[in-house]
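A structural walkthrough
Each chain is listed here by its residues.
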Amino acid sequence: MVYICHMTSKKNIVMTQPITNDTPLALLTVGQLKELIQQPAESEKVNRIDTTGQTRYVYGLNGIADLFGCSIPTAARIKKSGKINDAITQIGRKIIVDADKALELAGKPEGGRK
């Protein structure tokens, strides 16, 4: 647990109260701020693969990159190639990809080649 510290002199630090959501940033020391930033926030953790229900969706080029285990430029090339177009729904800049369908489409050979 992190506490707010007040310096009474150069040598004495007095722990007065725990840090809460209402604590002003100006009352934190650099160490306390670093500790708060490094703590993983459970509610704020972003999972790019949504597994609610039967259909899994990934969102954006970052989601495609995570799904295929590649870089973002490679994910952009995969999307641009048209190979997974049946799995993609795009509204403006928002990209929604059916993950299972995209993996299935990516595994099929193109055209008549074997």
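Heads up: these notes are all about the structure in this document.

Here the focus is the nonpolar core. Val-97 and Ala-102 are the most contacted members of the largest nonpolar core, which has 13 residues in total. Those residues within four positions of Ala-102 in sequence are excluded, and the remaining contacts are Leu-67, Phe-68, Ile-84, Ala-87 and Val-97.

Among the secondary structure elements, Asp-98 is positioned in strand β6 (residues 94-98). Although Asp-98 is buried, it makes no salt bridge; Lys-101 carries the closest opposite charge, 6.0 Å away. A polar atom in the side chain of Asp-98 sits 3.3 Å from the backbone nitrogen of Asp-100.

Turning our attention to the packing of helix α2 (residues 60-68) against helix α3 (residues 72-81). Where α2 contacts α3, the two axes come as close as 8 Å, and the packing angle between them is 95°. Relative to α3, the element α2 is oriented roughly perpendicular. In this structure, α2 uses Leu-61, Asn-62, Ile-64, Ala-65 and Phe-68 to contact α3, whose residues at the interface are Ile-72, Ala-75, Ala-76, Ile-78 and Lys-79. Within the contact of α2 with α3, the residues separate by chemical class into 8 nonpolar, 1 polar and 1 charged.

Reading the values: the criteria
- Residues numbered from 1 in each chain as written.
- Predicted model: local features only at pLDDT ≥ 70, side-chain atom pairs only at ≥ 80, totals over all residues.
- Heavy atoms only, no water.
- Core = buried A, V, L, I, M, F, W, Y, C linked by side-chain atoms within 4.5 Å.
- Buried < 20%, exposed > 50% of the residue type's maximum accessible area, 1.4 Å probe, protein only.
- Contact = heavy atoms within 4.5 Å.
- Helix = DSSP H or I, 4+ residues; strand = E, 2+ residues; numbered from the N terminus.
- Lys, Arg positive; Asp, Glu negative; His and termini not counted.
- Salt bridge = Lys/Arg side-chain N within 4 Å of Asp/Glu carboxyl O.
- Polar contact = N/O pair within 3.5 Å; in protein donor to acceptor, adjacent residues only side chain to side chain.
- Axes fitted to C-alpha atoms, helices over the stretch in contact; angles between N-to-C directions.
- Parallel < 35°, antiparallel > 145°, perpendicular 65-115°, else oblique.
- Nonpolar A, V, L, I, M, F, W, Y, C, P; charged D, E, K, R; others polar.

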